[in-house]
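# Secondary and tertiary structure notes
Here is what each chain is made of, one letter per residue.
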Amino acid sequence: MLFSELVEFYERIEATTKRLEMTDILVELFRKTSPEIIDKVVYMTLGELYPPFVGIELGVAEKLALRALRSVAGVSEKKAQELYGKLGDIGLVAERLLESKAQATLFAEPLTVERVYSSLEKIARTTGEGAIETKLQVLTGILGSAQPKEAKYIMRMVTGTMRLGVADMTILDALAVAYGGGKEVREAFERAYNLSSDIGLVAKVAAKEGLKAIEEFRIRIGNPIRPMLAERLSTAEEILEKLDGKGLAEFKYDGERMQIHKRGDEILIFSRRQENITAQYPDVINYARACIKAREAIVECEAVAIDPETGEMLPFQELMHRRRKYEIEKAIEEYPVSLFFFDALYVDGQDLTSKPLLERRKVLESITEVNERVMLTESRIVERPEELEEFFLRAVESGCEGAIVKSISPESLYKAGARGWLWIKYKRSYVSKMVDTVDLVVVGAFYGRGKRRGKFGALLMAAYNPERDVFESVCKVGSGFTDEDLAKLPEMLSPYISKDKPPRVESSMQPDVWLKPGMVLEIIGDEITLSPVHMCCRDLVRKGSGLAIRFPRFTGRFRLDKSPEDATTSSEIMSMYERQLKKVVEKPAEGA
Ligand code: ATP
């Protein structure tokens, strides 16, 4: 396939903001693409080369990319920089510069998708000594054969700024139509995606083997399964009512979720957002090898940091020290972990995701050899609110966040990639102070005053709206940050700085610095109110108003384990708001 054909599709996609139109264009593209390269085309459209869990990303520094462009276009550094300053988009700079010398490329051999992909692959995979020179050479090579429009997308891809606005969900829609005959079969495609976290693989299976293969799509060791997530409620009564009177209550440990894949002696560990974190946890690899008594298994656990002196569980924040890349051995000693297993998704050829919870738990028990460091989550069946209350207090007393109560009905399957009412969290803060924590995305920053002069003093935070794939502003938070937090903010936020308001951000408040959605912080607030300023759930409760969090404070938790799309959603904020309203209404007025 010629790269210019693909680029024509990108141009059409870029020209629309309507999801339906985008889907139609993608359907047309997929139908035109040979099954051999459909996975590559899908990744490239998302600005990637592989599924995210592979952990190899394109992210050539702009400076280097501009250097390659300059040598192909034959312009000075000053001219290229000036143009970049003016246009603010490296793709447009490339297009513009190559347009002025379009003649030269007329005779070059046309680029194919395969050639562009393998060049990008080479650029992404080259590391170590001389890597910069090699990357430069490869990039110059393809830019030298590129037409201006092709160069635009090559430059965007290579610098990790593709952003066509196509979400995974739109690709799934298009795949269902292109290979499954229509949107009615969308669910099967989504299931395959949830079981593999690899949309390119789903595309390839569909294109090569057809709908039946998608319907029969099987779990694969090595492909992370997208996690099942919990809803939340704030009283024991509500929880039990929602679960038809009965559920399995488990301690909700305050650690990092891990999905462990075992095949023989080979162990892989994936994070909640499907990153491969195996290298950070050599101790967990050993535990898994020794304690999982199955040849092949996919199990889930919460890894909790343990105080090596007292043996007590430590808060989640401590575990984030384990995210570092160096001196792992030292980190293992300083921050040892215990594993609390809570689910088994696949064991020795058997897909357990379609089995009810208690059955899965039984299998889990049968394959786990427990010891001081490896256990199953503390659990008990609860039927009465007092039982749940008592269990909850015990959990909190042991250093847990609260409890998570799970459905034990025959329908209590493992719903990969879904947040639902089969699991319900009951957290400490909900009952004690009547406040909720939320995980919000940083989308802007304000310079501080007084003691904070010259630093960032407050951040603009947003909730995620998955329906529209945008981040809606919901508060400006300035309290709760320690001096240490404030000192490290500029460095932590620098990769996300954006010259203009990022396209997926919605805010009428103008921060001093815009930030691309990337970092997630845990925020606690006093209440949720209607706000004329913020964009969260805009116009849904009242025309011209959104929802805002009043008196927000940073809890001290940088949620590095969450991607912006994992943040609290606008509709979750809406349901918190509605619940709060209900309580106010139910409470008799003073003196009434
Ligand atoms: P939170 O911010 O509350 O950690 P989350 O959005 O990361 O929530 P939720 O679905 O809301 O994820 O809560 C479930 C999380 O709780 C799981 O991802 C897991 O990490 C953790 N957890 C702790 N103990 C358990 C347990 N016994 N069963 C399931 N998940 C547990």
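The model shown is predicted, which means the values in this text are computed figures rather than measured ones.

This paragraph deals with the UniProt feature "binding site: ATP" (unreviewed entry) in the chain. With numbering matched to this structure, UniProt assigns "binding site: ATP" (unreviewed entry) to Glu250, Arg257, Arg272, Glu302, Phe342, Arg419 and Lys425. Following the sequence through the fold, arginine 257 ends up in strand β3 (residues 256-263). Overall, the relative accessible area of 11% leaves arginine 257 in the buried class. Excluding anything up to four places from it in sequence, arginine 257 contacts Pro227, Met228, Leu229, Phe270, Ser271, Arg272, Glu300, Cys301, Glu302, Phe342, Tyr414 and Trp423. A distance of 2.9 Å separates polar atoms of two side chains, one belonging to arginine 257 and the other to glutamate 300. Relative to the helices and strands, lysine 425 is located in strand β11 (residues 419-427).

The next point concerns the site of the ligand. The environment of the ligand is formed by 20 residues, the closest being Ala230, Glu250, Arg257, Glu302 and Lys425. One nitrogen or oxygen atom from the side chain of glutamate 302 is found 2.5 Å from an oxygen atom belonging to the ligand. A distance of 3.1 Å is found between an oxygen atom of the ligand and a side-chain nitrogen or oxygen belonging to arginine 419. When the free accessible area of the ligand is taken as 590 Å², the share hidden by the protein chains comes to 96%. For the shell around the ligand, the secondary-structure elements that each account for two or more residues are β1 (229-232), β2 (247-252), β10 (402-406) and β11. Looking at the shell around the ligand, the element that brings in the most residues is β11, giving 4 residues. Taken together, the residues that form the shell around the ligand break down as 7 nonpolar, 1 polar and 12 charged.

Where burial is concerned, most of helix α12 (residues 186-196) is hidden: 8 out of the 11 residues are buried. Buried within α12 we find Arg186, Ala188, Phe189, Ala192, Tyr193, Asn194, Leu195 and Ser196. Those residues of α12 that are buried are in contact with α2 (19-32), α11 (168-180), α13 (199-209) and α14 (211-215). Positive phi shows up at serine 197, right after α12, with a value of about 55°.

Turning next to the nonpolar core. Formed by 98 residues in total, the largest nonpolar core has its most connected members in Phe3, Phe30, Leu175 and Phe189. Once you skip the residues sitting within four places of it in the chain, phenylalanine 189 turns out to touch Leu172, Leu175, Ala176, Tyr179, Gly180, Val202, Ala206, Leu211 and Ile214. With 31 residues, the next largest nonpolar core counts Leu440, Ala463, Cys475 and Tyr577 among its residues.

Let's shift gears to the side chain of serine 507. Assignment of secondary structure puts serine 507 in the loop between β16 (505-506) and β17 (513-515). Using a relative accessible area of 13% as the deciding quantity, one classes serine 507 as buried. Each residue touching serine 507, except ones within four places of it in the same chain, is listed here: Leu460, Ser473, Lys501, Trp514 and Met535.

Next up on the list: the environment of isoleucine 239. Mapped onto the elements of the fold, isoleucine 239 is located in helix α15 (residues 236-242). Each C-alpha atom of the pair isoleucine 239 and threonine 134 lies 58 Å from the other, and the pair is 105 residues apart in sequence.

Right, let's get into the sheet that holds β2. Strand order in the open sheet made by the 5 strands is β1-β11-β10-β2-β9, with mixed pairing throughout. Bordering the open sheet on either side are β1 and β9 (379-382), each of which pairs with just one other strand. Across the sheet, the mean angle separating the axes of adjacent strands is 40° when strand polarity is ignored. Pairing between β2 and β10: 5 bridges, direction antiparallel. Along β10, the bridge assignment pairs leucine 248 with lysine 406.

What counts and what doesn't
- Residues numbered from 1 in each chain as written.
- Predicted model: local features only at pLDDT ≥ 70, side-chain atom pairs only at ≥ 80, totals over all residues.
- Heavy atoms only, no water.
- UniProt positions renumbered as here; feature names shortened; annotations may be inferred.
- Helix = DSSP H or I, 4+ residues; strand = E, 2+ residues; numbered from the N terminus.
- Buried < 20%, exposed > 50% of the residue type's maximum accessible area, 1.4 Å probe, protein only.
- Contact = heavy atoms within 4.5 Å.
- Polar contact = N/O pair within 3.5 Å; in protein donor to acceptor, adjacent residues only side chain to side chain.
- Near = heavy atom within 4 Å.
- Areas by Shrake-Rupley, 256 points an atom, 1.4 Å probe, with all protein chains shown as cover.
- Nonpolar A, V, L, I, M, F, W, Y, C, P; charged D, E, K, R; others polar.
- Core = buried A, V, L, I, M, F, W, Y, C linked by side-chain atoms within 4.5 Å.
- Pairing = 2+ DSSP bridges.
- Axes fitted to C-alpha atoms, helices over the stretch in contact; angles between N-to-C directions.

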